[in-house]
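Below are the chains, spelled out letter by letter.
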Amino acid sequence: GDSVTQMEGPVTLSEEAFLTINCTYTATGYPSLFWYVQYPGEGLQLLLKATKADDKGSNKGFEATYRKETTSFHLEKGSVQVSDSAVYFCALKSNAGNMLTFGGGTRLMVKP
Amino acid sequence: DAGITQSPRHKVTETGTPVTLRCHQTENHRYMYWYRQDPGHGLRLIHYSYGVKDTDKGEVSDGYSVSRSKTEDFLLTLESATSSQTSVYFCAISADRDEQYFGPGTRLTVT
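Residues numbered from 1 in each chain as written. Chains lettered and ligands numbered in written order. Predicted model: local features only at pLDDT ≥ 70, side-chain atom pairs only at ≥ 80, totals over all residues. Heavy atoms only, no water.

**Focus: the pairing of strand 8 (residues 62-65) of chain A**
All names here are of chain A.
Right, so step 1: Looking at chain direction, strand 7 (residues 56-59) and strand 8 are connected through four bridges and run antiparallel. Following the sheet pairing, S58 is matched in strand 8 by E63.
Right, so step 2: Where strand 7 folds back on strand 8, the antiparallel hairpin that results is connected by two residues, among which K60 adopts a positive phi of roughly 55 degrees. (Pairing = 2+ DSSP bridges. Helix = DSSP H or I, 4+ residues; strand = E, 2+ residues; numbered from the N terminus.)

**Section: the packing of aromatic side chains**
Right, so step 1: Taken as a whole, this structure holds 13 aromatic pairs over all chains when the rule is applied.
Right, so step 2: Aromatic pair F62 of chain A and Y88 of chain A: ring centres 5.6 Å apart, planes at 40 degrees, arrangement tilted. With F62 of chain A in strand 8 and Y88 of chain A in strand 10 (residues 86-93), the pair connects residues that are 26 residues apart, well separated along the chain.
Right, so step 3: Classification of F62 of chain A as buried rests on a relative accessible area of 3%.
Right, so step 4: Linked through ring pairs, F34, Y36, F89 and F102 of chain A together with Y33, Y35, Y48, Y50 and F102 of chain B together constitute an aromatic cluster.
Right, so step 5: Here K68 of chain A stacks its cationic end above the ring of Y30 of chain A, 4.2 Å away from the centre of that ring. (Phe/Tyr/Trp six-rings, centres within 6.5 Å; stacked < 30°, edge-to-face > 60°. Buried < 20%, exposed > 50% of the residue type's maximum accessible area, 1.4 Å probe, protein only. Lys NZ or Arg CZ within 6 Å of the ring centre and 35° of its normal.)

**Topic: the pattern of salt bridges**
Pairing between side chains becomes possible if they bear opposite charge and their charged atoms approach one another.
Residue and element names in this part refer to chain B.
Right, so step 1: The tally for this structure, following the rule as stated, stands at eight salt bridges over all chains.
Right, so step 2: Here K70 and D73 are joined by a salt bridge, their closest N and O atoms 3.3 Å apart.
Right, so step 3: Given a relative accessible area of 40%, K70 falls into the partly exposed group.
Right, so step 4: A single salt-bridge network, built from bridges that share partners, covers R22, K70 and D73. (Salt bridge = Lys/Arg side-chain N within 4 Å of Asp/Glu carboxyl O.)

**Description of the sheet that holds strand 7 (residues 64-70) of chain B**
Residue and element names in this part refer to chain B.
Right, so step 1: The antiparallel open sheet is built from four strands, whose spatial order is 1-3-8-7. Edge positions in the open sheet fall to strand 1 (4-7) and strand 7, since each of these has one partner strand only. Going across the sheet, the axis of each strand differs from the next one's by a mean of 20 degrees, ignoring polarity.
Right, so step 2: Sheet analysis places strand 1 next to strand 3 (residues 19-25), joined by four bridges and oriented antiparallel. Considered in strand 3, the bridge of I4 is made with Q25. (Axes fitted to C-alpha atoms, helices over the stretch in contact; angles between N-to-C directions.)

Next comes the structure, spelled out in structure tokens:
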């Protein structure tokens, strides 16, 4: 079945550092890929998405590129802020179904 | 933000009691979902609905039932709560089977 693997956290960075959170997936066909962010005490918010190979999703300075050859969708940001502290979830949705399959989440802590 | 509310937001109940969680949307979206969130597991799908009275099981449906009698409401019922069902429950909605929008969550504790 489909699966998503994320790097375990927490990831602790200083403000203005470069961020990478790794995400790899296993799925049949050509799934859509997503990054969601969860701030403390809140539900998940869609951060960005990509629906086909080589697509780049971007939002709020975050980027991720759909790499079919490496089955990856790594999240990057050039300069993190304290306000980016949250839990980040990578997810996929296969073409055939309605369900999102989530990774385990990665907690990011940004220190001033 | 998508108009999704969940009630209650917090609940403590005893083992063996029935519990119903409610998800209400004002977006008229066709698809609705119930997930549970547990440390290390991300979110796992319990049940989903693709229309009024149309529901299907997800990955972790044992011990849960759902009902959708109106487009705007999706109910999740634990017939006899167990401690393993202590979790945070999220409802989500979707118009087009692609992007999903999540509610604020319900924290359920079964003692």
